[in-house]
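A closer look at the structure
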Amino acid sequence: MRAGQDSNFSVGDTVLHVWGEATAVNFAAGTWMVEYGRGFIPSTMAFALADTLFSTTDFVTMFYTFRIYTKALIQEAGLCLSSLLPASR
């Protein structure tokens, strides 16, 4: 999409962006959207926190997000560390 270009998408449409491209979205009531991201995920937490604090003010969801994220981060760290340590006999 080019700057200033409006697009309407239907149910099930997939929208792809090239590196560095972003889009503003206006949702109608009852709309759901799934986003997928790759890369160094911890770098996005500051943006998510700022969005929650200043835009959505959905503190309950923020709590659950951080709880799930922390649990997954601990599991990943444990898996990484266990692969680095020598196996005990």
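Note: the structure precedes this text.
Residues numbered from 1 in each chain as written. Predicted model: local features only at pLDDT ≥ 70, side-chain atom pairs only at ≥ 80, totals over all residues. Heavy atoms only, no water.

**So, the overall build of the protein chain**
- Per the secondary structure count, the protein chain includes 2 helices and 0 strands.
- Since a compact globule built from 89 residues should have a radius of gyration of about 12 Å, the 18 Å found for the protein chain marks it as more spread out than a globular shape.
- With the C-alpha coordinates of the protein chain rotated into their principal frame, the extents come out at 65 × 30 × 25 Å.
- Buried positions account for 3% of the 89 residues belonging to the protein chain.
- Summed over its atoms, the accessible surface of the protein chain is roughly 8,800 Å², and 62% of this surface lies on carbon and sulfur atoms. (Helix = DSSP H or I, 4+ residues; strand = E, 2+ residues; numbered from the N terminus. Rg over C-alpha atoms; globule rule 2.2 N^0.38 Å. Buried < 20%, exposed > 50% of the residue type's maximum accessible area, 1.4 Å probe, protein only. Areas by Shrake-Rupley, 256 points an atom, 1.4 Å probe, with all protein chains shown as cover.)

**Observations concerning the packing of aromatic side chains**
- Under the counting rule described, the total for this entry stands at 1 aromatic pair.
- Seen in terms of ring centroids, Phe 63 and Tyr 64 are 5.3 Å apart; in terms of plane orientation they differ by 65 degrees. Their pairing is edge-to-face.
- Residue classification places Tyr 64 among the partly exposed positions, given a relative accessible area of 40%. (Phe/Tyr/Trp six-rings, centres within 6.5 Å; stacked < 30°, edge-to-face > 60°.)

**Observations regarding the layout of surface pockets**
- One number sums up the size of the largest pocket: a volume of about 2,500 Å³.
- Looking at the largest pocket, it is lined by 42 residues, and the ones nearest its centre are His 17, Met 33, Val 34, Glu 35 and Tyr 36.
- A class-by-class count of the residues in the lining of the largest pocket yields 21 nonpolar, 15 polar and 6 charged. (1 Å grid on protein atoms, 1.4 Å probe; cavity = no way out; pocket = protein on both sides within 12 Å on 5 of 7 lines; lining within 4 Å. Points joined across faces, edges and corners; volume = space filled by probe spheres on them. Nonpolar A, V, L, I, M, F, W, Y, C, P; charged D, E, K, R; others polar.)

**Focus on the environment of Val 60**
- Within the secondary structure, Val 60 sits in helix α2 (residues 59-84).
- Between the C-alpha atoms of Val 60 and Phe 9, which are 51 residues apart in sequence, the distance is 30 Å.

**Comments concerning a nonpolar patch on the surface**
- Together, Leu 49, Leu 53, Phe 54 and Phe 59 give the surface a local cluster of nonpolar side chains, amounting to about 410 Å² of exposed area.
- The element that contributes the greatest number of residues to the nonpolar patch is helix α1 (residues 45-56), accounting for 3 residues.
- Look at Phe 59 and you get partly exposed, because its relative accessible area is 44%. (Patch = residues over 30% accessible without salt bridge, like charges linked within 9 Å, V, L, I, M, F, W, Y side chains within 5 Å. Salt bridge = Lys/Arg side-chain N within 4 Å of Asp/Glu carboxyl O.)

**As for the packing of α1 against α2**
- One can describe the packing of α1 onto α2 by two numbers: an axis separation of 9 Å at closest approach and a directional angle of 160 degrees. Judged on the interaxial angle alone, α2 and α1 are roughly antiparallel. Judged by the sense of rotation from one axis to the other, the crossing of α1 with α2 is left-handed. Contacts between α1 and α2 involve Met 45, Leu 49, Thr 52 and Leu 53 from the former and Phe 59, Met 62, Phe 66 and Tyr 69 from the latter. (Axes fitted to C-alpha atoms, helices over the stretch in contact; angles between N-to-C directions. Parallel < 35°, antiparallel > 145°, perpendicular 65-115°, else oblique. Left-handed = near helix turned anticlockwise from the far one by under 90°. Contact = heavy atoms within 4.5 Å.)

**Describing the side chain of Thr 52**
- Within the fold, Thr 52 resides in helix α1.
- Those residues in contact with Thr 52 that lie beyond four places of it in its chain are Thr 57, Asp 58, Phe 59 and Met 62.

**Describing the environment of Ala 28**
- Checked against the element boundaries, Ala 28 lands in the segment before α1.
- Along the chain, Ala 28 and Ser 43 lie 15 residues apart, while their C-alpha atoms are 29 Å from each other.

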